Amino acid sequence: MFIEKKILLIGSGSIAGPCLNYLLRRPENKVTVASRTLSKAQRLCYGRPNAIPIVLDVSNEAQLDSEVAKHDIVINLISYLYHPIVIKSCIKNKKHCCTTSYISPVMAGMDEAAKEAGVICMNEIGIDPGIDQIYALKTINEIHERKGKIISFTSWCGALPIPEDSNNPLGFMISRSSRNALLSHKNSVRFLKDGKIVEIKNVQDALLKNATPVFIYPGYAFAGYANHDSIPCIERYQMFEVKNCMRGTLRYQGFPEFAQALDDLGFLDDSPKDFLAREAPPLTWNVALAKLLGMKATDEASLKQAVIEKCHLEGKTQDTILYYLNWFGLFSSEEPMVQTGNYLDCLCATIEQKLQYCKNERDICILQHKFKIEEADGTINNVNYTGLWTGSVDGDNAMAITVGLPCGIAVQLILDGVIKRRGVIAPLEKDIYQPILETLAMEGIYMVEEKW
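Residues numbered from 1 in each chain as written. Predicted model: local features only at pLDDT ≥ 70, side-chain atom pairs only at ≥ 80, totals over all residues. Heavy atoms only, no water.

Undergrad: Honestly, the overall build of the chain in this entry has me stumped. Any pointers?
TA: What the chain contains, in helices and strands, is 17 helices and 16 strands. For 452 residues, the compact-globule formula gives about 22 Å, and the C-alpha radius of gyration of the chain, at 24 Å, lands near that figure. On the principal axes, the C-alpha backbone points of the chain span a range of 75 × 60 × 40 Å. For the chain, the proportion of its 452 residues judged to be buried stands at 53%. Taking the contacts inside the chain whose residues are at least 6 apart along the sequence as the reference set, 70% of them involve residues at least 24 apart. Within the structure as shown, the chain displays about 20,700 Å² of accessible surface, and the carbon and sulfur contribution to it stands at 51%. Measuring between centres, the 48 positive side-chain charges of the chain sit 4 Å from its 53 negative side-chain charges. (Helix = DSSP H or I, 4+ residues; strand = E, 2+ residues; numbered from the N terminus. Rg over C-alpha atoms; globule rule 2.2 N^0.38 Å. Buried < 20%, exposed > 50% of the residue type's maximum accessible area, 1.4 Å probe, protein only. Contact = heavy atoms within 4.5 Å. Areas by Shrake-Rupley, 256 points an atom, 1.4 Å probe, with all protein chains shown as cover. Lys, Arg positive; Asp, Glu negative; His and termini not counted. Charge placed at Lys NZ, Arg CZ, Asp CG, Glu CD.)

As structure tokens, then:
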């Protein structure tokens, strides 16, 4: 005999699949899949007797509270914007919950209320954040336990198509938001170098200009650039002795130069333009590009010359950028635009049309931590932890697996009473991350250690 466990899974996207599959291995788990669109929830539940589809609008407080109250734990796989709403409902109804997103200041402010209610609000349990933190903390704690010191910590992470499916100008496919992908390099960043904080304010694409080749495996041509603010990692990971600390994003080589050209041309501008409004007369891309460049001529030769001058292109880079722009149809007098009000979203609409994963195309998720260590006896060692996971042709993609599966594992460990720590938490303590790490390894999700 077993005690039935009732799980509310909010969200029906690709990440929900691996999470649901893992939880349904246990016959006592009954999962309610909630979505704004019933057909999406039904599709996810098809062929799974212990999964029930429902319609749920999380912005409807009464409806959300009613569903939360019926379950033992809630998994929130929709936008991070809704996490505080869901956590608030879980605390009110004294139910556990789990998300894959970073803990926001608003969510952190609910910690005491969660503890008082006796509930676990688990967060940051995907790949980034999630697997990255688990392996970083495992290594850092082991180093400190043997009285070693961390000289340098560098972390790279990327979600990309496999090389043979990366045949497009940006070298990636859209599995989530194209807007976020294009704007990811627009943030100012901070990292630690030789004991000093380095800040790159992203003026005139300074971040992309600092992108460098990243060697992980010989068969992959990666480029990387710093990602957001790495300084909080020093305190979060308790490595106050570190002299170099940086977290970065991986793309295929060629992405930084093309993204910089798009920005130089003004394609990343999201200010409204009347002529790009949905109700405006239809435009082709060559006309829109001419308006962007402030010119009357719309023929391909004139547009290409204007792009060369605007972006200061020359040599092989010139040929490559012009080819990429042509690939997206941006010189075309026949290619119709999807008019969404501004240049950024118009470009995103085109990208999302052209960069979807097709049948038999696969993705990879790659994560690497690089440590330089001073051991207790003064010797210097280097340790790399590398994980590379590939999606399957007829199954889940790598991003869905490496986000959805860790989430499902964390939920099951909470239901089994293995994870006991109350409050708004992340896998930063050994009693939380160790059982997750061990269970992930049994599922084939692990990072390989290399010492040199």
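We are not done yet, so read on.
Undergrad: Can you walk me through the sheet that holds strand β5 (residues 96-99) in this structure?
TA: Sheet strands line up and pair through hydrogen bonds in the backbone, either parallel or antiparallel. If you trace the seven strands from one edge of the open sheet to the other, you get β3-β2-β1-β4-β5-β6-β15, paired in parallel fashion. Strands at the two margins of the open sheet, each flanked by one partner only, are β3 (51-55) and β15 (423-425). Strand-to-strand twist across the sheet, computed as the mean angle between neighbouring axes with direction ignored, equals 20°. Here four bridges tie strand β4 (residues 73-76) to β5, and the two strands are oriented parallel to one another. Counted as the bridge partner of Asn76 is Thr99 from β5. Packing of helix α2 (residues 38-45) onto the sheet brings it into contact with β2 (29-35) and β3, and relative to β3 it is tilted by some 175°. Sheet contacts for helix α3 (residues 61-69): β1 (5-10), β3 and β4; angle to β1, the most-contacted strand, approximately 150°. (Pairing = 2+ DSSP bridges. Axes fitted to C-alpha atoms, helices over the stretch in contact; angles between N-to-C directions.)

Undergrad: When you look at the packing of helix α12 (residues 285-293) against helix α15 (residues 343-354) in this model, what are you seeing that I'm missing?
TA: To describe two helices that pack against each other, one gives the angle between their axes and the distance between the axes. Interhelical geometry of α12 versus α15 gives an angle of 150° and a closest axis separation of 12 Å. Comparing the axis directions of α12 and α15 gives the class roughly antiparallel. Crossing geometry of α12 relative to α15 is assigned as left-handed. Side by side, α12 and α15 meet where Trp285, Ala288, Lys291 and Leu292 of the first sit next to Tyr343, Cys346, Leu347 and Thr350 of the second. (Parallel < 35°, antiparallel > 145°, perpendicular 65-115°, else oblique. Left-handed = near helix turned anticlockwise from the far one by under 90°.)

Undergrad: Would you take a moment to explain unusual backbone geometry for this structure?
TA: Residues apart from glycine generally show negative phi values, whereas peptide bonds are mostly found in trans. Between Asp128 and Pro129 the backbone carries a cis peptide bond, its omega angle lying at 10°. With a phi angle near 55°, Asp194 is a residue other than glycine that sits in the positive phi range. Along the chain, the position of Asp194 falls in the loop between β8 (189-193) and β9 (196-200). For Asp194, a relative accessible area of 58% translates into the label exposed. With a phi angle near 55°, His312 is a residue other than glycine that sits in the positive phi range. On the secondary structure map, His312 appears in the loop between α13 (300-311) and α14 (315-327).

Undergrad: Would you mind going over the environment of Val307 with me for this structure?
TA: Relative to the elements of secondary structure, Val307 occurs in helix α13. Along the sequence, Val307 and Gln318 sit eleven residues apart, while their C-alpha atoms lie 9.3 Å from each other. Apart from residues no more than four positions distant in its own chain, Val307 is found in contact with Leu265, Leu293, Leu313, Leu322, Leu325 and Phe331.

Undergrad: Honestly, the packing of aromatic side chains in this entry has me stumped. Any pointers?
TA: One pair of aromatic rings is described through two measures. These are the centre distance and the angle between the planes. This structure, assessed with the given rule, holds 14 aromatic pairs. Between Tyr220 and Phe222, the ring centres sit 5.3 Å apart and the planes meet at 5°, which makes this aromatic pair stacked. Summarising the burial analysis for this pair, Tyr220 and Phe222 share the class buried. Ring geometry for Phe258 versus Phe328: centroids 6.0 Å apart, planes at 0°, classification stacked. In this pair, Phe258 is assigned in helix α11 (residues 255-265) and Phe328 in the loop between α14 and α15, connecting sequence segments 70 residues apart. (Phe/Tyr/Trp six-rings, centres within 6.5 Å; stacked < 30°, edge-to-face > 60°.)

Undergrad: In this structure, what is going on with the pairing of β9? I would like to understand it.
TA: A regular strand places its side chains on the two faces of the sheet in alternate fashion. Relative to β9, β8 is paired through five bridges, and the arrangement is antiparallel. Bridge pairing in β9 links Arg190 to Glu199.

Undergrad: When you look at the side chain of Ser12 in this model, what are you seeing that I'm missing?
TA: Relative to the helices and strands, Ser12 resides in the loop between β1 and α1 (16-23). Only 3.2 Å separates the side chain of Ser12 from the side chain of Ser35, close enough to count as a polar contact. The residues contacting Ser12, other than those within four sequence positions of it, are Ser35, Lys40, Ala41 and Leu44. (Polar contact = N/O pair within 3.5 Å; in protein donor to acceptor, adjacent residues only side chain to side chain.)

Undergrad: Would you mind going over the packing of α12 against α13 with me for this structure?
TA: Across the interface, α12 lies against α13 with an axial gap of 11 Å and an inter-helix angle of 40°. Looking at the two axes, α12 sits oblique to α13. Handedness of the α12/α13 crossing: left-handed. In this structure, α12 uses Asn286, Leu289, Ala290 and Leu293 to contact α13, whose residues at the interface are Leu303, Ala306, Val307 and Lys310.

Undergrad: Any chance you could explain α13 here in plain terms?
TA: With twelve residues, α13 extends 16 Å from end C-alpha to end C-alpha; this agrees with the ideal 16 Å at 1.5 Å per step. Turning to α13, its buried residues number three or more, namely Leu303, Ala306, Val307, Ile308 and Cys311. Buried residues along α13 sit against α11, α12 and α14. Looking one or two places after α13, you find His312, whose phi comes out positive at around 55°. (Expected span 1.5 Å × (residues − 1).)

Undergrad: In this structure, what is going on with the environment of Glu352? I would like to understand it.
TA: Here Glu352 lies in helix α15. Among the residues examined, Glu352 registers a relative accessible area of 33% and is labelled partly exposed. As for Glu352 and Ile120, which are separated by 232 residues in sequence, their C-alpha atoms are 37 Å apart. Dropping the residues within four chain positions of it, Glu352 is found in contact with Ile174 and Ser178.

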